[in-house]
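# Notes for the structure review
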Amino acid sequence: MLPPEPPPLPALTRAEAELIDRYLDVVDLLGRINPAHPGDTYRGLRAAQALVSKAVALREALTLMHQRGENELHGPTLARALRVLDGERRAARVTVPPGPE
């Protein structure tokens, strides 16, 4: 049996789509760097090195939006796009896991 079809992405401008993609790139790298998760230091080091270029790409995506006159982020639409692209799970790796109660 095939898995259910994911919901379609909301309509985004090319610049908004680029922003979402670059944001998720940064979130993924931060999740790999997170010291609260087990792993080796080399993996974190490689992710930290890659973070520099991904942060520049994120800045450029936002700069392009601003230059095109897209001066407002439409939170509900962008949040829906993030959910479709598994952004909640990916961003959860950036947080500190709950401690023992």
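Figured I'd write up the structure that's included with this text. A quick note: this is a predicted structure, and the numbers were derived from the prediction, not measured.

Basis of the calculations
- Residues numbered from 1 in each chain as written.
- Predicted model: local features only at pLDDT ≥ 70, side-chain atom pairs only at ≥ 80, totals over all residues.
- Heavy atoms only, no water.
- Helix = DSSP H or I, 4+ residues; strand = E, 2+ residues; numbered from the N terminus.
- Expected span 1.5 Å × (residues − 1).
- Bend = angle between axes of the 7 residues up to and from the residue.
- Contact = heavy atoms within 4.5 Å.
- Polar contact = N/O pair within 3.5 Å; in protein donor to acceptor, adjacent residues only side chain to side chain.
- Salt bridge = Lys/Arg side-chain N within 4 Å of Asp/Glu carboxyl O.
- Buried < 20%, exposed > 50% of the residue type's maximum accessible area, 1.4 Å probe, protein only.
- Axes fitted to C-alpha atoms, helices over the stretch in contact; angles between N-to-C directions.
- Parallel < 35°, antiparallel > 145°, perpendicular 65-115°, else oblique.
- Left-handed = near helix turned anticlockwise from the far one by under 90°.
- Core = buried A, V, L, I, M, F, W, Y, C linked by side-chain atoms within 4.5 Å.

### Concerning helix H2 (residues 41-67)
- Relative to the 39 Å expected for 27 residues at 1.5 Å per residue, H2 spans 39 Å between its end C-alpha atoms, a close match to the ideal helical length.
- The principal kink in H2, of about 30 degrees, is found at Leu51.
- Tucked into the core, H2 has its buried residues touching helix H1 (14-33).
- At the N-terminal boundary of H2, the capping side chain belongs to Asp40, with an oxygen 3.3 Å from the backbone nitrogen of Tyr42.
- Phi turns positive one or two residues past the end of H2, at Gly69, with a value near 90 degrees.

### Thoughts on the pattern of salt bridges
- Per the counting criterion, the structure on display carries 6 salt bridges.
- The shortest N-O distance in the salt bridge between Arg22 and Glu18 comes to 2.7 Å. Of this pair, Arg22 and Glu18 are both found in helix H1, 4 residues apart, which corresponds to roughly one turn of the helix.
- We classify Glu18 as partly exposed; its relative accessible area is 34%.
- Note that Glu88 and Arg83 form a salt bridge whose closest N and O atoms lie 3.5 Å from each other.

### A short note on unusual backbone geometry
- Of note, Asp86 is a non-glycine position whose phi angle comes to about 65 degrees, a positive value.
- Structurally, Asp86 is set in the loop between helix H3 (75-84) and helix H4 (87-92).
- For Asp86, a relative accessible area of 34% corresponds to the partly exposed category.

### What to know about the packing of H1 against H2
- Relative to each other, H1 and H2 sit at 160 degrees, their axes nearing to 8 Å. In this view, H1 runs roughly antiparallel relative to H2, as classed from their interaxial angle. As for how H1 packs across H2, the hand of that crossing is left-handed.

### What to know about the nonpolar core
- One finds Ala15, Leu19, Ile20, Leu24, Val26, Leu29, Ala47, Leu51, Leu58, Ala61, Met65 and Leu78 forming the largest nonpolar core, which totals 12 residues.
- In terms of residue count, the dominant contributor to this core is H1 (6 residues).

### A look at the environment of Leu73
- Here Leu73 shows up in the loop between H2 and H3.
- Separated by 57 residues in sequence, Leu73 and Glu16 have C-alpha atoms that sit 8.5 Å apart.
- Excluding its chain neighbours within four sequence positions, the residues that come into contact with Leu73 are Leu19, Met65 and Leu78.

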